[in-house]
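So you can see what is in the structure, the chains are spelled out below.
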Amino acid sequence: MSEPLVVKMGGSLRALEALLEELGRYPGPLVLVHGGGPEIGAWLSRLGLESRFEGGLRVTPPEAMEVVEMVLTAIGKRLAGGLSRRGRKAVALSGQDALLLRGRALPHLGRVGEVVGVEKALLRFLLGGGYTPVVSPIALDEAGALNVNADTAAGAVAGALGWPAVFLTDVEGVYKDPKDPSTRFPRLTPEEASRLKEEGVVQGGMIPKVEAALFALRQGAPWSAIARGREGVLRAVLLGEAGTLFKEA
Ligand SMILES: Nc1ncnc2c1ncn2[C@@H]1O[C@H](COP(=O)(O)OP(=O)(O)O)[C@@H](O)[C@H]1O
Ligand SMILES: CC(=O)N[C@@H](CCC(=O)OP(=O)(O)O)C(=O)O
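The numbers attached to residues start from 1 for each chain and follow its sequence in the written order. Chain letters and ligand numbers both follow the written order, the letters beginning at A and the numbers at 1. Local features in this predicted model are restricted to residues whose pLDDT is 70 or higher, and side-chain atom pairs enter the listing and the counts only when it is 80 or higher, whereas totals over whole chains, interfaces and linings include all residues. Derived side-chain values reflect all non-hydrogen atoms in the structure, with water molecules and hydrogen atoms excluded from consideration.

For the chain, an unreviewed UniProt entry supplies the name Acetylglutamate kinase and the organism Thermus aquaticus. UniProt positions are given in the numbering used here, feature names are shortened, and annotations may be inferred rather than shown by experiment. Under the heading Sequence similarities (unreviewed entry), UniProt records this for the chain: "Belongs to the acetylglutamate kinase family. ArgB subfamily." As recorded by UniProt, the Catalytic activity (unreviewed entry) comment attached to the chain reads in full: "N-acetyl-L-glutamate + ATP = N-acetyl-L-glutamyl 5-phosphate + ADP".

Next comes the structure, spelled out in structure tokens:
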């Protein structure tokens, strides 16, 4: 129950304090990658910049990128502070620090990117010193900061470290009927998950999450899982009692 984990915290998570307690007392090494989609959306609309999504990704013109950076950085610092106060010394970083996440811009989406390289050495250095890295999903290319979907960033980090990835979100896992939690798949192979995507069972924000879970596996993570963020979730996932587990057959 103390294996190293990359944990992705979605921006739509409820009961954050309880979850920080859970992460604070997890006995194994952790790397956290966080989102913040709802908060980014709220700030952009407050500033009169409405968002449009393509394939689950926020189209991000340069003027919106500044807001994305500010909001994600603030969230990262908040999480690192919350964990540190609970005795788990955490350091908030973005992909811009020491080229932690090297990015490549995706066409037609403004300053949106994918991850093409992870500076593992920085993560290992912090982990070796007993610190928990908290990573904001901002990558860097020649032109500057790129907005990366947080699931994509977490999948890339897990793949690079060869660690399992747990994507915490507001649903119990992948459902056969996206509105019915009783139809949760306890386990999916990459082939089964890809089929569900093609069939349109996996929709909206679940698309980048499933893609990131599969990407992590292809890059060498032993398994990945999507589960609802709540107290006790990590233990329940490790025991196979919660979430959807992605693993080769
Ligand atoms: N097959 C499915 N099973 C479960 N949830 C699904 C499915 N297809 C789409 N979803 C949606 O995906 C959402 C999770 O993605 P998202 O809102 O982006 O979360 P986060 O902010 O945690 O990354 C769920 O709230 C649900 O509405
Ligand atoms: C390109 C892109 O879509 N980036 C995301 C980054 C934050 C994120 O992914 O947050 P959640 O995990 O809460 O969805 C965005 O701008 O919303």
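Resuming the write-up.
S.K.: Explain the overall build of the chain residue by residue, including any values.
M.R.: Numbered from the N terminus, helices here are DSSP runs of H or I no shorter than four residues, and strands are runs of E no shorter than two. Per the secondary structure count, the chain includes 8 helices and 14 strands. In summary, the chain has a C-alpha radius of gyration of 17 Å against a globular reference of 18 Å for 249 residues, a match within 12%. Expressed along its principal axes, the backbone C-alpha trace of the chain runs to roughly 45 × 45 × 30 Å. Each residue's exposure class comes from its accessible area (1.4 Å probe, protein chains only) as a fraction of the maximum for that residue type: buried when under 20%, exposed when over 50%, partly exposed otherwise. Counting all 249 residues of the chain, 51% fall into the buried class. Note that the radius of gyration is over C-alpha atoms, with the globule rule given as 2.2 Å times the number of residues to the power 0.38.

S.K.: Outline the side chain of S224, supporting the account with residue identities and numerical values.
M.R.: On the secondary structure map, S224 appears in strand β13 (residues 224-228). Since its relative accessible area comes to 0%, S224 is described here as buried. N or O atoms within 3.5 Å of each other form a polar contact, as long as, within protein, one can give a hydrogen and the other can take it, and as long as residues adjacent in sequence are counted only when both atoms are side-chain atoms. At a separation of 3.0 Å, a polar atom in the side chain of S224 contacts the main-chain carbonyl oxygen of A213. In what follows, a contact means two residues having at least one pair of non-hydrogen atoms within 4.5 Å. With residues up to four places along the chain from it excluded, the contact list for S224 reads A165, F167, A213, L217, T244, L245 and F246.

S.K.: Residues and numbers for the packing of aromatic side chains, please.
M.R.: Between rings of Phe, Tyr and Trp, where Trp is taken as its six-membered ring, a pair exists when centres lie within 6.5 Å; planes separated by under 30 degrees are stacked, by over 60 edge-to-face, and by other angles tilted. Taken as a whole and judged by the stated rule, the model has 0 aromatic pairs. Two thresholds decide whether a charge sits over a ring: the Lys NZ or Arg CZ must be within 6 Å of the ring centre and within 35 degrees of the ring normal. Note that R46 overlies the ring of W43, its terminal NZ or CZ placed 4.2 Å from the centroid.

S.K.: Quick one: what's the story with the UniProt feature "binding site: substrate" (unreviewed entry) in the chain, residue by residue and with numbers?
M.R.: Per the UniProt record, "binding site: substrate" (unreviewed entry) is found at G36, G37, R58 and N147. Considering the C-alpha atoms alone, the annotated residues occupy 112 residues of sequence yet fold into one spot, their largest mutual distance being 11.7 Å. Within the secondary structure, R58 sits in strand β4 (residues 57-58). Leaving out residues up to four positions away in the same chain, R58 has contacts with G37, I40, G41, L44, S51, R52, F53, L109, V112 and N147. A polar side-chain atom of R58 sits 2.8 Å from a polar atom in the side chain of S51. Of note, N147 is situated in strand β10 (residues 144-147). When neighbours within four sequence positions are excluded, N147 is seen to be in contact with R58, T60, M65, V68, R111, V112, G113 and P137.

S.K.: I'd like a rundown of the pattern of salt bridges, residues and numbers included.
M.R.: One speaks of a salt bridge when a side-chain nitrogen belonging to Lys or Arg is within 4 Å of a carboxyl oxygen belonging to Asp or Glu. According to the stated counting rule, one finds 12 salt bridges in the structure shown. With a closest N to O distance of 3.0 Å, D151 and K8 form a salt bridge. Of this pair, D151 sits in helix α5 (residues 150-161) while K8 sits in strand β1 (residues 5-9); the two residues are 143 residues apart in sequence, bridging distant segments of the chain. Accessibility expressed as a relative area gives 3% for D151, which makes it buried.

S.K.: Report on the site of ligand 1, specifying residues and quantitative values.
M.R.: Any residue with at least one heavy atom within 4 Å of a molecule or strand is counted as near it. Around ligand 1, the surrounding shell holds 17 residues, and the nearest of these are T169, D170, Y175, V201 and K209. The side chain of T169 places a nitrogen or oxygen atom 2.7 Å from an oxygen atom of ligand 1. Here Q203 contributes a backbone N or O atom positioned 3.1 Å from a nitrogen atom of ligand 1. Gly is put with the polar residues, along with every residue not named as nonpolar or charged; the nonpolar set is Ala, Val, Leu, Ile, Met, Phe, Trp, Tyr, Cys and Pro, and the charged set is Asp, Glu, Lys and Arg. Per-class residue counts for the shell around ligand 1 are 6 nonpolar, 7 polar and 4 charged.

S.K.: Account for the UniProt feature "site: Transition state stabilizer" (unreviewed entry) in the chain, with residues named and values stated.
M.R.: Sites flagged by UniProt as "site: Transition state stabilizer" (unreviewed entry) map to K8 and K209. Of the residues just listed, which span 202 residues, no C-alpha pair is farther apart than 9.8 Å, and they cluster in one region. With sequence-adjacent residues up to four places away left out, K8 is seen in contact with V33, G35, A150, D151, A154, V166, F167, L168 and K209. Here D151 takes part through its side chain, which lies 3.0 Å from a polar atom of the side chain of K8. With a relative accessible area of 6%, K209 lands in the buried category.

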